[in-house]
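Inside the fold
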Amino acid sequence: MATAAGTIAAPTTESVVWSWITTVDHKRIGALYGVTAFIFFLIGGVEALLIRTQLAVPNGTVIDAQLYNQLFTMHALTMIFLAIMPLGAAFFNYMVPLMIGARDVAFPRLNALSYWIFLFGGLVLTSSFFFGGAPDTGWFAYQPISSSQFAGSGMDFYVIGLMILGISSLAAALNFAVTIINLRAPGMTMMRLPVFIWMTFIVMFLLILALPVLTVALIQMLFDRQFTTSFFLPDGGGDPILWQHLFWVFGHPEVYILILPAMGVVSEVLPTFSRKPLFGYAAIVFAGIAIGFLGWAVWSHHMFTTGLGAVQQAVFSASTMAIGIPTGIKVFNWLATMWGGSIRFTTAMYFAIAFVAMFTIGGISGVMHASPPVDQQQQDTYFIVAHIHYVLVGGALFGVFSGLYYWWPKMTGRLLGETLGKWNFWLMFAGLNIAFFPMHFLGVSGMPRRIYTYDPNLGWDFWNLVATVGAFILALGVLFFIINVFKTQQREPDAGDNPWDAPTLEWATTSPPPEHDFDVIPEVHSREPVWYMRDHNMTTPDPEPGTHIHLPPPSYYPIIIAFGVLLLGLGPLSHLAVTALGVPVIIYGIWGWTLEPTE
Amino acid sequence: MWIFLGSECLFFGSLIATYLIFKGEIDLPPFPSETFIETAYLEEAVASGEITEVASHLCHESSEAGISVCEGIFDIPLTSQSTFVLLMSSVAMVLAVYGAQHNRPMMMKFWLLATMLLGVIFLGYQVYEFRTFGQEGLTLETSQFGASFFVLTGFHGTHVAVGVLILGSLLLASFRRRGLGSEPGFQVETAGLYWHFVDIVWIVIFTVLYLIPA
Amino acid sequence: MTEEALLRISQRWARRLLILAPAALTILFAACSDPQTTIEPRSDMTEAIQGVYEIVFWLSMFVFVAIMLLTLWLAVRYREQPGREAIQIHGHQRLEILWTIIPVAIVLIMLVPTWQVIADTTDTPPENSMVVEATGKQWWFEFKYPDLGITTANELHVQAGRPVHVKLYADDVIHSFWIPQLAGKVDMVPGHENDLWFTPNDDSAREEAYLGQCVEFCGASHANMRFRVFVHDEAGFNAWAENELSDALEPTTELGQLGATLFVVRCAECHTVRGTAASIADFGPDLTHIGSRETIAAGILDNNFENLVKWISNPAEIKPGIEPENDIIDKDPPLRFMRAFEDEISAEDIQAIAQYLTELK
């Protein structure tokens, strides 16, 4: 194969490491996302345990105030941007092409690029611990406390890290939106798409529209910190409230970016193990779309206490409570999916049912402080901490674990152990409730968030200790998951193509799927294509002999461009010359990328 | 590409919104357009170092006692020229896309080059404008006006520059033996979409910043 | 695990949940007795909030219990059993309409009182309110009574039955003003003025302070930024105001007199004690009557001789983040933190200053 001048030939070696670095296979990239995100998840978990250890007793002395502030900031950033978002990304990377009956995503190399940029962004953010301290003003980085006057270099890592991660998510979002629109198998109409795909699709649009707002806010913050502007600094005529508006215009859709994929997973798991179709498919899809739209009209509910004025408070309380309506519809439809079923209690199903219950608790408490007067007593107390953790742990994370148990056999060919799985579930379930339910009580008795210490005479001692115990039980549950994975991977593959008798297309191919996903692209006749094939005694057709399946070759350029982006970002953190170095690397990468033969 | 442009709309939307929020708060020169202020207030600002000596030269006593008139910093005729250049580049882009879709490689190459050149001329205007403003005392740190103006137009300029690079790589690639591959029309059209978008954003910026008086 | 065992577990959990729910409620109300409780209102503002809260709370409880029971019942009732076939249905229009209407109704019931309270609390403060200018600073509160001419720190004094209009400012970063039993929180934003007003109930006067705390993250010692609110009857309030208005007392002990001299040299740079030579600076807390305050260091230490010595010796040990390297001099007003005086003066001198402060009743 002739190579254009100055470019590297597509990799041909069989070396395992290189094959993973240069891979453009959506399944491998999904696995990379999953493993990376899980490691970040463990880091975020350790941060959480340190926080809880400090707060176990009043006047705790385990860590000091400065480190505590770094830890709660990094715990949020890690869990949101480096764990839950990319765990969702792992699933949609792996599953979207399989579930819509495609051979890969629309732009395989762009997909690899997203992953590598994500990895580098995550490393930049986390490395701040070793270079003058991590960000320490909260993941929301309110101004002016995050300005160069008040905050150290950690906030530069925050700006750069989030910008890099933003590029990654934006590229991925474009890629998957195009994939879902263009690469569906014949017969897979939009209203036959699995709900997981629908939720992913909505998330992609939320990402595409929300990230630029964050990027603008970050750029303005970067200019404030490095180039003497004062967009957000009152001393120079700027307005700290402007930051809050921009941040939450991004920040609230972000919440749905985290939770919608989990809702999608649950909408796949519940029907499979209830042995019946999803109840009210259209309602669930449209409720998801409604949540996606309403998510844009509620950002100011994070700012009820900033002196918004009566009209804004009234409008935003109404729009916020309105989100409860489509959410309520979803919950009822999920429950109705169980109604009349013949429910198999696998670990995946346990997590899915627990998701519905726990997410409902988080949803209810959310509606409570959608009322601005109530919020005046709950904002920035542990009541809110309880609320977000029920939504993000009981909701998003339980969704992820449900998906892990559900799709593990598809991804590895092995069923995760059910006994260890049940231990895993019950420990996490107990830990979640023991850790976070008491936080409602703490909030009601007036304990503010983000305090590194508290006095013994305020009535907060007992429930704080309980919450700490709960956090460790939760961590033990995660440990059981890791043990389960290691034990499972030592066994012989035993899953078969469709161990759960599940209805969607990914179960129509082998476990794990071949590199090209499907020997023959299946034709879709119903919302539950595999059940349709089962009920009509259809078998997967054999490929016509001699057909050549075109697969994109692996490529070096994604990681080269990602490295250039990394250099670009490292400039403001070290020396601007590094940025200058990044530009030619990126240009070279793009040059090679465009000229690289893809046939 | 359409989806990406949707994302870009939000990007520029946020920047323009920032500009509009701060626009009402400009009470010292440099002003975007001609403005009257109290001389005493102006002198006080110079004395306290709130604005530079240079910026105060934009103002002089008006016919009314105690009131100064400050020249606006925007040079609308000049910026109209650069706007015209950018508009012409869009016309050239249309012709390049036409050439690509109708299998006329020489036409495509010529108009791609023309689009690029017009883009570079636009950037030249912008560099000149930034320099002049800097000399007249408007910098990033002068005021919210300066900060939001430079960040907004600067990022627009960056988009134009990226566009020039995209067109450049298309042009270079078109000289290869295989040309632009099997679908030259699609590639050039996508680049054109981006170019027109950047152009339209400039029309919005030009209208909101320059033409609508403070 | 067998199906039987599973059933037993779920039934056991169902029973437990049923027992737990009322237990949870009891505990929730037990939170009343805590000093910083949010559900024992003592002013018109917090009572209005409580009115909405109770509606929202009971509705939420109803939904919570209903959904939990429904989930458990479905899980147990439709578990896999020999001979059970799943019913193959895709939806049910009337049911779906029904459960669209239920959340709509709940939301409306919550919205109406919410809007009412928003209208009430964001109108205009009562005409006869006493104005207090509260400024949040890293990490303490300054309270000024412009009509009375009083400046004090970290301890707010109000009168039962008399409306207070608090104007909220911040000097450095965003803080938030919150007295759970008296006033729902409103942020203090630099460059903005926010307002809140409340009238302490007629029967809310008491010896013991109501607790307040900063609730917007504001830096290293966010946790150490608290304040106290004393609600007096009319006579008590006037007595307090009269004392505050008077100049500082002369120290009576020998040690205290030495402390007064040292104070002018060492502390006057930042602190004011009215009626003495130390009355120029205004960015440290006003100490004219510090001896009459219950606590020091923004409500985190009891106000006594030992704690004052500890505080003057090395304040950063008590309040992390107030190291001098965090000073921001080129700000208006400048941000300057209390230094560790054990590095600058002898232990005896520190004791003298502490003694002097205890005498500034």
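For every chain, the first residue of the written sequence is number 1, and numbering continues from 1 onward in sequence order. Here chains are named by letter from A upward and ligands by number from 1 upward, in the order in which they appear as written. In keeping with the predicted nature of the model, local features appear solely for residues at pLDDT of at least 70, side-chain atom pairs appear and are counted solely at 80 or more, and the whole-chain, interface and lining totals rest on all residues. Where side-chain values are given, they derive from all heavy atoms of the structure, hydrogens and water being excluded.

1. Points about the pattern of salt bridges
Residue and element names in this part refer to chain C. Heads up, the condition is: The salt bridge criterion pairs a side-chain nitrogen of Lys or Arg with a carboxyl oxygen of Asp or Glu, the two atoms within 4 Å. We call a residue buried when its accessible area falls under 20% of the maximum for its residue type, exposed when it is over 50%, and partly exposed in between, using a 1.4 Å probe and counting protein chains only.
On inspection of all chains with the given rule, the structure shows 17 salt bridges over all chains. Residues Arg 339 and Glu 344 are paired through a salt bridge, measuring 2.7 Å at the closest nitrogen-oxygen approach. For Arg 339, a relative accessible area of 25% puts it in the partly exposed group. Salt bridges linked by common partners bring Glu 269, Arg 336, Arg 339 and Glu 344 together as one network.

2. Points about the nonpolar core
Nonpolar side chains in soluble globular proteins generally cluster together in the buried interior. So the rule is basically this: Buried residues of nine kinds, namely Ala, Val, Leu, Ile, Met, Phe, Trp, Tyr and Cys, make up a nonpolar core once their side-chain atoms join them within 4.5 Å. Helix and strand assignments follow DSSP, with helices taken as H or I runs no shorter than four residues and strands as E runs no shorter than two, numbered in order from the N terminus. Note on definitions: a residue-residue contact is assigned when non-hydrogen atoms from the two residues lie within 4.5 Å.
Counting residues in hydrophobic clusters, the biggest one holds 361 residues, and the most contacted among them are Tyr158(A) and Phe177(C). The greatest single-element share of this core, amounting to 25 residues, is contributed by helix α3 (residues 65–100) of chain A. Other than its neighbours up to four places away in sequence, Tyr158(A) contacts Leu77(A), Leu125(A), Pro135(A), Gly138(A), Trp139(A), Phe140(A), Ala141(A), Leu218(A), Met221(A), Trp243(A) and Phe247(A). The next biggest cluster of nonpolar side chains, apart from the first, holds 10 residues, and it includes Leu28(B), Ile51(B), Leu58(B) and Cys70(B).

3. Comments concerning empty space enclosed by the protein
Rolling a probe over the atoms, with the probe sized like a water molecule, indicates the empty space that remains. All names here are of chain C. Applied cut-off: Buried and open spaces are told apart on a 1 Å grid over the protein atoms alone, a cavity being a set of points where a 1.4 Å probe fits but cannot get out and a pocket being an open set with protein on both sides within 12 Å along at least five of seven lines. Residues with an atom within 4 Å of a point are the lining residues. Grid points are joined across faces, edges and corners, and a volume is the space filled by probe spheres set on the points. Gly falls in the polar group here, along with every residue not listed as nonpolar (Ala, Val, Leu, Ile, Met, Phe, Trp, Tyr, Cys, Pro) or charged (Asp, Glu, Lys, Arg). Note that domain bounds follow an automatic or database assignment of domains.
Enumeration over the complete set of coordinates arrives at six cavities of 30 Å³ or more. Estimates place the volume of the largest cavity at around 720 Å³. Along its surface, the largest cavity is lined by 40 residues, and His 271, Gly 284, Pro 285, Trp 311 and Met 338 are the ones closest to its centre. Where the lining of the largest cavity is concerned, the elements lending two or more residues are α5 (254–266), β11 (295–296), α6 (305–313) and α8 (347–359). Among the elements that take part in the lining of the largest cavity, α6 stands out by supplying three residues, more than any other. Counted by class, the lining of the largest cavity contains 25 nonpolar, five polar and 10 charged residues. Two domains each put at least three residues into the lining of the largest cavity: domain 2 (130–245) and domain 3 (254–358). Put simply, the second largest cavity is a space of about 290 Å³.

4. Some details on the sheet that holds strand β2 (residues 59–61) of chain B
Residues and elements named next belong to chain B. For clarity, the threshold we go by: Here, any two strands with at least 2 DSSP bridges between them count as paired. Structural elements are reduced to axes, namely lines fitted to C-alpha atoms, with helices fitted over the stretch in contact, and the angle between N-to-C directions of any two is expressed from 0 to 180 degrees.
If you trace the three strands from one edge of the open sheet to the other, you get β1-β3-β2, paired in antiparallel fashion. Each of the sheet's edge strands pairs with one partner strand only, and the pair in question is β1 (35–38) and β2. Adjacent strand axes in the sheet meet at a mean angle of 35°, parallel and antiparallel pairs treated alike. Sheet topology places β1 next to strand β3 (residues 67–70); four bridges connect them, and they run antiparallel. When the bridges of β3 are listed, Glu 38 appears paired with Ile 67.

5. A word on the domain arrangement of chain B
By a widely used convention, the size of an interface equals the accessible area lost when the partners come together. In terms of domains, chain B is made up of domain 1 (34–71) and domain 2 (76–211). Summarising the inter-unit geometry, the C-alpha centres of domain 1 of chain B and domain 2 of chain B are found 37 Å apart.

6. With respect to the arrangement of the chains
Here two pairs of chains are in contact, and chains A and C lead that list by number of contacts. With respect to C-alpha atoms, chain B approaches chain C no nearer than 13 Å, and the pair has no contact.

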